[in-house]
Amino acid sequence: MADTIAETVDLLYTIDQDNLTLDQQIALGSALAALAQAERLEQINERLRGIHQVLNTWALRAATSTDTR
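Novice: Kindly report on the overall build of the protein chain, identifying the contributing residues and their values.
Specialist: Helix and strand content of the protein chain: 2 helices and 0 strands. Its C-alpha atoms give the protein chain principal-axis dimensions of about 75 × 20 × 10 Å. A buried classification covers 9% of the 69 residues belonging to the protein chain. Carbon together with sulfur atoms contributes 56% to the accessible area of the protein chain, which is approximately 6,000 Å² in total. Here the protein chain carries 5 positive and 10 negative side-chain charges, and the mean point of each set is 23 Å from the other.

Novice: Can you tell me about the nonpolar core, naming the residues and giving the values?
Specialist: Formed by I5, L12, L28, L35 and A38, the largest nonpolar core amounts to 5 residues. No other element matches the 3 residues that helix α2 (residues 22-64) contributes to this core.

Novice: So what about the pattern of salt bridges? Which residues, and what values?
Specialist: For the coordinates displayed, the defined rule picks out 1 salt bridge. For E42, the salt bridge identified is with R49, shortest N-O distance 3.5 Å.

Novice: Tell me about a nonpolar patch on the surface, residues and numbers included.
Specialist: The grouping of L41, I44, L48, I51, V54, L55 and W58 at the surface amounts to a nonpolar patch, some 670 Å² of accessible area in total. Along the chain, the position of V54 falls in helix α2. For V54, a relative accessible area of 37% corresponds to the partly exposed category.

Novice: Could you give an account of α2, naming the residues involved and the relevant values?
Specialist: The end-to-end C-alpha distance of α2, which contains 43 residues, comes to 63 Å, matching closely the 63 Å that a straight helix rising 1.5 Å per residue would cover. Residues of α2 that are buried include every one of L28, L35, A38 and E42, and no others.

Novice: So what's going on with the environment of Q25? Which residues, and what values?
Specialist: The residue Q25 is located in helix α2 in this model. The sequence separation of Q25 and I15 amounts to 10 residues, and the corresponding C-alpha distance is 10 Å. When neighbours within four sequence positions are excluded, Q25 is seen to be in contact with Q17 and L20.

The rules behind these values
Starting from 1, residues in each chain are numbered consecutively following that chain's sequence as written. Under the rules for a predicted model, residues below a pLDDT of 70 receive no local features and side-chain atom pairs below 80 are neither given nor counted, while totals for whole chains, interfaces and linings still include all residues. Side-chain measures were taken over the full set of non-hydrogen atoms in the model, leaving aside hydrogen atoms and water. Helix and strand definitions follow DSSP, with helices as H or I runs of at least four residues and strands as E runs of at least two, each counted in order from the N terminus. The cut-offs for exposure are 20% and 50% of the maximum accessible area for each residue type, with area from a 1.4 Å probe on protein chains only; residues under the lower value are buried, those over the upper are exposed, and the others partly exposed. Per-residue and other accessible areas were derived by the Shrake-Rupley procedure at a 1.4 Å probe size, with only the shown protein chains allowed to occlude residues. We count Lys and Arg on the positive side and Asp and Glu on the negative side, and we leave His and both chain ends out. In plain terms, the charge of a residue is placed at NZ if it is Lys, CZ if Arg, CG if Asp and CD if Glu. What we call a nonpolar core is a set of buried Ala, Val, Leu, Ile, Met, Phe, Trp, Tyr and Cys residues that are connected through their side-chain atoms within 4.5 Å. Salt bridge, as applied in this entry: a Lys or Arg side-chain nitrogen positioned within 4 Å of an Asp or Glu carboxyl oxygen. Like-charged residues within 9 Å of one another, or nonpolar side chains (Val, Leu, Ile, Met, Phe, Trp, Tyr) within 5 Å, are grouped into patches, provided each residue has over 30% relative accessible area and no salt bridge. Take the residue count of a helix, subtract one, and multiply by 1.5 Å to get its expected span. Any two residues whose heavy atoms approach within 4.5 Å are treated as being in contact.

Dropping the structure here:
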């Protein structure tokens, strides 16, 4: 997904904004905002995957260790 976002951002930044109509400028701005949101969501998703791995490791350790109390 990150490659797709980067490629799309590169493509959008190559657009000559001086020759766009007002509606096209608004659409471009909306597209850039949507891409920024998608990039942020991907970062959040990566962090959640890391947290999930840690929690799974803890759960596995807890399930395989014996209670010494």
